[in-house]
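A look at the structure
Letter by letter, the chains look like this.
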Amino acid sequence: MYKRILVAADGSDHSIRTAERAAELANLQGDGEITIVYVIDGEQSKSDVLYEGDQGLVEQRRQQRLQPIEAIFQEKNASYQISIQHGEPGPTIVKYANENNFDLVIIGSRGLNTLQEMVLGSVSHKVAKRAKCPVMIVK
């Protein structure tokens, strides 16, 4: 039923729980394909470089955010790939999901950027409203 699963990840606790649900679903399907999408927000990227002072350290920190998610898929023997996208998280995830014909998007109810969620509305809400496939929001 859900052979192509898109997992939105940012390294938050919610995205780690999201990865656990995705691995379970993929294993139930037997041959489910998982794509982890990590969106680099332009404003966040600028502040990361200013804070860290070194692009290499910024990349290392992004990899550290994805490491626990990858570990879950490796532990559960779930096949996955990573797609790094650039842009505003909500619209970027929706565009990627719709252009690549996923069967399901799994996203955490909250991410790392709680200020953006309060001011602009949550990323998960935007994705749920605009994605052309079913969306599972994990608390």
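Calculation rules
Residues numbered from 1 in each chain as written. Predicted model: local features only at pLDDT ≥ 70, side-chain atom pairs only at ≥ 80, totals over all residues. Heavy atoms only, no water. UniProt positions renumbered as here; feature names shortened; annotations may be inferred. Buried < 20%, exposed > 50% of the residue type's maximum accessible area, 1.4 Å probe, protein only. Helix = DSSP H or I, 4+ residues; strand = E, 2+ residues; numbered from the N terminus. Right-handed = clockwise from strand over helix to strand, strands pointing away. Pairing = 2+ DSSP bridges. Salt bridge = Lys/Arg side-chain N within 4 Å of Asp/Glu carboxyl O. Contact = heavy atoms within 4.5 Å.

Under the annotation held in an unreviewed UniProt entry, the protein carries the name Universal stress protein and is attributed to Halobacillus faecis. In the Sequence similarities (unreviewed entry) part of its UniProt record, the protein is described as follows: "Belongs to the universal stress protein A family."

This part covers the pairing of strand β2 (residues 33-40). The buried fraction of β2 is high, at 7 of 8 residues. Each parallel crossover has a hand, and for strand β1 (residues 4-8) linked through helix α1 (residues 13-29) to β2 it is right-handed. Judged from the 7 bridges that link them, β2 and strand β3 (residues 80-86) form a sheet pairing that is parallel. Residue pairing for β3: Ile40 is matched across the bridge by His86.

Here the structure, examined in full by the defined rule, presents 5 salt bridges. In this structure, Glu33 and Arg4 form a salt bridge, with 3.8 Å as the shortest nitrogen-oxygen distance. Taken together, the residues Glu33 in strand β2 and Arg4 in strand β1 connect sequence positions 29 residues apart. Across the pair Arg21 and Glu24 runs a salt bridge, and its minimum N-O distance is 3.0 Å. With Arg21 and Glu24 both in helix α1, this residue pair falls 3 residues apart, about one helical turn. With a relative accessible area of 34%, Glu24 lands in the partly exposed category.

Our focus in this paragraph is the environment of Val7. Mapped onto the secondary structure, Val7 falls in strand β1. With a relative accessible area of 0%, Val7 lands in the buried category. Counting along the chain gives 62 residues from Val7 to Ile69, while the straight-line C-alpha distance between them is 9.8 Å. Look past the residues within four positions of Val7 in its chain and what remains in contact with it is Thr18, Ala22, Ile34, Thr35, Ile36, Val37, Phe73 and Ile106.

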